[in-house]
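Results of the structural survey
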Amino acid sequence: MKKIYPNASSALDGLLHDGMLMAAGGFGLCGIPELLIDAVVESGVKNLTIASNNCGVDGFGLGKLLDTRQIKKMMSSYVGENDEFMRQYLAEELEIEFNPQGTLAERMRAGGCGIPGFYTKTGVGTVIADGKEHKDFPTGIDGAIETYIMEAGIFADLAIVKAWKADETGNLVFRKTARNFNPPAAMCGKTCVVEVEEIVPTGSLNPDSIHLPGIYVHRLIQGDHEKRIEQRTVREKK
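The following paragraphs examine the structure supplied in this document. Within each chain, residues carry numbers counting from 1 in the order of the written sequence. Residue-level local features of this predicted model are given only where pLDDT is at least 70; pairs of side-chain atoms are given and counted only at 80 or more, and the full residue set underlies all totals for whole chains, interfaces and linings. Just so you know, side-chain values use all the structure's heavy atoms and leave hydrogens and water out.

With respect to the helices and strands, the residue Arg-219 is situated in strand β13 (residues 219–222). A distance of 2.8 Å separates a polar side-chain atom of Arg-219 from the backbone oxygen of Ala-11. The criterion used for residue contact is that any of the two residues' heavy atoms lie within 4.5 Å. Leave out the neighbours within four places in its chain, and Arg-219 touches Lys-3, Tyr-5, Ser-10, Ala-11, Leu-12, Asp-13, Leu-15, Cys-192, Val-193 and Val-194. Secondary structure counts use DSSP, requiring at least four H or I residues in a row for a helix and at least two E residues in a row for a strand, with both numbered from the N terminus. Definition of a polar contact: a pair of N or O atoms within 3.5 Å, with one able to donate and the other able to accept a hydrogen when the atoms are protein atoms, and with sequence-neighbouring residues admitted only if both atoms are side-chain atoms.

Following this line, the structure appears as structure tokens:
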């Protein structure tokens, strides 16, 4: 099956539709699929629900989709770097489903493994637990019982992710912290489109160095990336 496409627009051709659920990799501006995000902006698709750790920053990354009002709902963990996000949320123009960071990652991973739901202690006793099933389990320590809540796996219509290197069959290698949410996001998409910095011949990657097998990857593009620094902090000159 052909996996390599010439550009982001062609790689997304036939996959986008209004009202879809999309999972996006990245953490802040680290490891974000910026080329694919730009192609989603250009497509004009709207009423999107996006599952991602955060929503980029003003004017970059997923923040571009806020500027064009293409996002209806965000399933996120952190939203503090985006003024337009805050404005739309406070004006009730944007829905938010807050998730603890580990819970969001596990919801994606669970979806990718075909697991419809799981129990976790994270969020018990907070607003995160409102409306969710509660269940008591023995801890195995002195007969103690603890309460857990049910979280649902995320099954996205589409996953867009960023990796460092891929072979022609879609086996992926991520670079350091840019791995972040990309593997679980890739796993939970019915279709997964990946942008990489380099595509190498099949068989040239060390099998022990592959972070995500190509079975999860359906389409690939190679491109140049801006790699913008989210917050530059430098020491004052003396």
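Let's pick the thread back up.
With respect to the helices and strands, the residue Ser-77 is situated in the loop between β3 (71–76) and α4 (83–90). A polar atom in the side chain of Ser-77 sits 2.8 Å from the backbone oxygen of Asn-99. One polar contact links the side chain of Ser-77 to the main-chain amide nitrogen of Gln-101, over a distance of 3.5 Å. Here Ser-77 is in contact with Ser-52, Asn-53, Phe-98, Asn-99, Pro-100, Gln-101 and Leu-104, once residues within four sequence places are set aside.

Moving on: the sheet that holds strand β7 (residues 145–152). If you walk across this open sheet you meet the 3 strands as β5-β7-β6, and the pairing is antiparallel. Among the strands making up the open sheet, the edge pair consists of β5 (117–120) and β6 (134–138). Across this sheet, the average inter-strand angle for adjacent strands is 40 degrees, counted without regard to direction. Two strands form a pair only when DSSP identifies at least two bridges running between them. Both β5 and β7 contribute to a ladder of 4 bridges, which runs antiparallel. Directly across from Gly-117, in β7, lies its bridge partner Ala-152. Docked against the sheet, helix α5 (residues 101–112) engages β5 and β7, running at close to 150 degrees with respect to β5. Between N-to-C directions, angles cover 0 to 180 degrees, with each direction set by a line fitted to C-alpha atoms, over the stretch in contact for helices.

It is worth spelling out helix α2 (residues 34–43) at this point. Three exposure classes are used, based on accessible area relative to the maximum for each residue type with a 1.4 Å probe and protein chains only: buried under 20%, partly exposed in between, and exposed over 50%. Taken residue by residue, α2 has Glu-34, Leu-36, Ile-37, Ala-39 and Val-40 as its buried positions. Two residues or fewer after α2 comes Gly-44, characterised by a positive phi angle close to 80 degrees.

Moving on, we come to the pairing of β7. Across 5 bridges, β6 lies against β7 in antiparallel orientation. Its bridge partner lying in β7, Asp-136 is registered against Thr-147. Where β6 hands over to β7, the hairpin turn is made up of 6 residues, of which Gly-140 adopts a positive phi near 85 degrees.

A separate point is the sheet that holds strand β12 (residues 198–200). Taken in spatial order, the 3 strands line up as β10-β9-β12 in an open sheet, and their pairing is mixed. Two strands in the sheet have a free side with no partner beyond their single neighbour: β10 (172–173) and β12. As defined by bridge partners, strand β9 (residues 165–167) adjoins β12 across 3 bridges and the pair is classed as parallel. Bridging across to β12, Asp-167 finds its partner in Val-200.

For salt bridges, the criterion is a side-chain nitrogen of Lys or Arg within 4 Å of an Asp or Glu carboxyl oxygen. For the structure on display, the rule yields 14 salt bridges. Across the pair Arg-109 and Glu-106 runs a salt bridge, and its minimum N-O distance is 2.8 Å. Taken together, the residues Arg-109 and Glu-106, both in helix α5 and 3 residues apart, mark about one turn of the helix. Its relative accessible area of 32% is what places Arg-109 among the partly exposed residues. For Glu-106, a relative accessible area of 26% corresponds to the partly exposed category. Taking the shortest distance from any N to any O, the salt bridge between Lys-121 and Glu-146 comes out at 2.8 Å. In this pair, Lys-121 is assigned in the loop between β5 and β6 and Glu-146 in strand β7, connecting sequence segments 25 residues apart. According to the relative accessible area criterion, Lys-121 is partly exposed, its value standing at 43%. Each of Arg-69, Glu-84, Arg-87 and Glu-93 takes part in salt bridges that share partners, so that together they form one network.

These figures capture arrangement, not role.
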